[in-house]
Amino acid sequence: MKETYNWKSLFAGVVILLVGTGLCIASAYSPAPWNNILLSTGCSLIASGLVILMHDFFVERKQVSLLDEWAIKTITSTRAEINSDCEIELEQTKRQVDIVAFGLSSFRSKQTDDRMLGYLKKGVNFRILTMNPSSKFIAQRVKEENNKNIKNSINTLVDWADKLNKKNAKGKIIVKGYDTMTLDFYWRSDNVLYVGPYWYGRGSQQTITYKYLNGGKGFKLYTEHFNELWNNTQLTKNLTKETDSRKRGNS
């Protein structure tokens, strides 16, 4: 924890002090009995303002958690616990959804084509980073998660995106494959971000997940890193037929 001044209270103290000073000055130019009324009121306000300023400067300071600058909202024990929140936030998304995951089978099973087209017609763009299905690292992730269906799930994801992109909606689903060890799970819907690791021996839905809000240090660092990965042509390659050339406004 660290301490900081309560700036709202200090501002109020300064305003009260200035008003009191103004009343005292006005009393010198006012006839009786208003001069005495203005003078006594002004002196009372000056005294009150000084008490507020002295108290807030030297006695009461606001306690601020060092975590506040990160704007971390929640931590859940499993990824499955955030699914309902993601659904709600997705309904409210206006610009973009950025994802780092594998085949998104759980997500795709809940989204009908009509619902996805609704997002795309609104102009929502999806950028998805997944492991390249031909990567040598796939075999390691299969072993870690004990899931032999990962490669097939990724290929199905790409086919799903290509099918929806053929509808020529305003928004697009772009999938890129990376060729490196497993990246953390990442899900951004406009101003809300979820991140978490992939743990050895556990399915992706059974690992700890963190929620960050836009405006904090956590959101800033993670979104900057996602964009670095997304734009790294040596690390990633397009898997969907649709490419970045038709996408605008992501940040």
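Remember, it's a predicted structure, so these values are computed and weren't measured experimentally.

Draft legend 1. Structural context of the nonpolar core. Counting 49 residues, the largest nonpolar core has L104, M116, F126, I173, V175 and W187 as the members making the most contacts within it. Ranked by residues supplied to this core, first place goes to helix α7 (residues 150-165) with seven residues. For L104, the residues in contact, after removing those within four places along its chain, are I99, I128, L157 and W187.

Draft legend 2. Representation of the confidence of the model for the protein chain in the model. Mean pLDDT over the protein chain works out to 88, with 92% of the residues at or above the 70 mark. This stretch, residues 245-249, has a pLDDT under 50; its non-local contacts, to residues over four places away or in other chains, come to 10 contacts.

Draft legend 3. A look at the sheet that holds strand β10 (residues 236-238). Pairing is mixed across the open sheet formed by eight strands, whose spatial order is β3-β9-β8-β7-β4-β5-β6-β10. Pairing within the sheet leaves two strands with one partner each, and these edge strands are β3 (72-76) and β10. In this sheet, neighbouring strand axes are inclined to one another by 15 degrees on average, regardless of whether the strands run parallel or antiparallel. Packed on one face of the sheet, α7 meets β5 (125-131) and β6 (173-178) and runs near 155 degrees to β6.

Draft legend 4. Focus on the layout of surface pockets. Computed from the structure, the largest pocket encloses a volume of approximately 470 Å³. Taken together, 24 residues form the lining of the largest pocket, with L104, S105, S106, S204 and Q205 sitting closest to its centre. For the lining of the largest pocket, the secondary-structure elements that each account for two or more residues are α3 (83-92), α4 (105-110), α7 and β7 (185-189). Split by residue class, the lining of the largest pocket holds 11 nonpolar, nine polar and four charged.

Draft legend 5. View of the packing of aromatic side chains. Overall, the coordinates contain six aromatic pairs when judged by the stated rule. Relative to W160, the ring of F107 lies with its centre 6.3 Å away and its plane at 90 degrees, an arrangement referred to as edge-to-face. A residue pair is termed long-range when its members are at least 10 positions apart, and F107 in helix α4 and W160 in helix α7 qualify at 53 residues. Its relative accessible area of 11% is what places F107 among the buried residues. Among the aromatic residues, those joined into a ring-pair cluster are F107, W160 and W187. Directly above the ring of Y198 sits R79, whose terminal nitrogen or CZ lies 5.2 Å from the centroid.

Draft legend 6. A look at unusual backbone geometry. Here the amide bond leading from A32 into P33 is cis, since omega sits at 0 degrees, within 30 degrees of zero. You can see P33 is positioned in the loop between α1 (7-27) and α2 (34-58). With a phi close to 50 degrees, A71 is a non-glycine residue in the positive phi region. Locating A71 in the fold gives a position in the loop between β2 (62-64) and β3. One non-glycine residue, L104, lies in the positive phi region at around 50 degrees. Along the chain, L104 falls in the loop between β4 (96-100) and α4.

Thresholds, definitions, all that
Residues numbered from 1 in each chain as written. Predicted model: local features only at pLDDT ≥ 70, side-chain atom pairs only at ≥ 80, totals over all residues. Heavy atoms only, no water. Core = buried A, V, L, I, M, F, W, Y, C linked by side-chain atoms within 4.5 Å. Buried < 20%, exposed > 50% of the residue type's maximum accessible area, 1.4 Å probe, protein only. Helix = DSSP H or I, 4+ residues; strand = E, 2+ residues; numbered from the N terminus. Contact = heavy atoms within 4.5 Å. pLDDT = per-residue confidence, 0-100. Pairing = 2+ DSSP bridges. Axes fitted to C-alpha atoms, helices over the stretch in contact; angles between N-to-C directions. 1 Å grid on protein atoms, 1.4 Å probe; cavity = no way out; pocket = protein on both sides within 12 Å on 5 of 7 lines; lining within 4 Å. Points joined across faces, edges and corners; volume = space filled by probe spheres on them. Nonpolar A, V, L, I, M, F, W, Y, C, P; charged D, E, K, R; others polar. Phe/Tyr/Trp six-rings, centres within 6.5 Å; stacked < 30°, edge-to-face > 60°. Lys NZ or Arg CZ within 6 Å of the ring centre and 35° of its normal.

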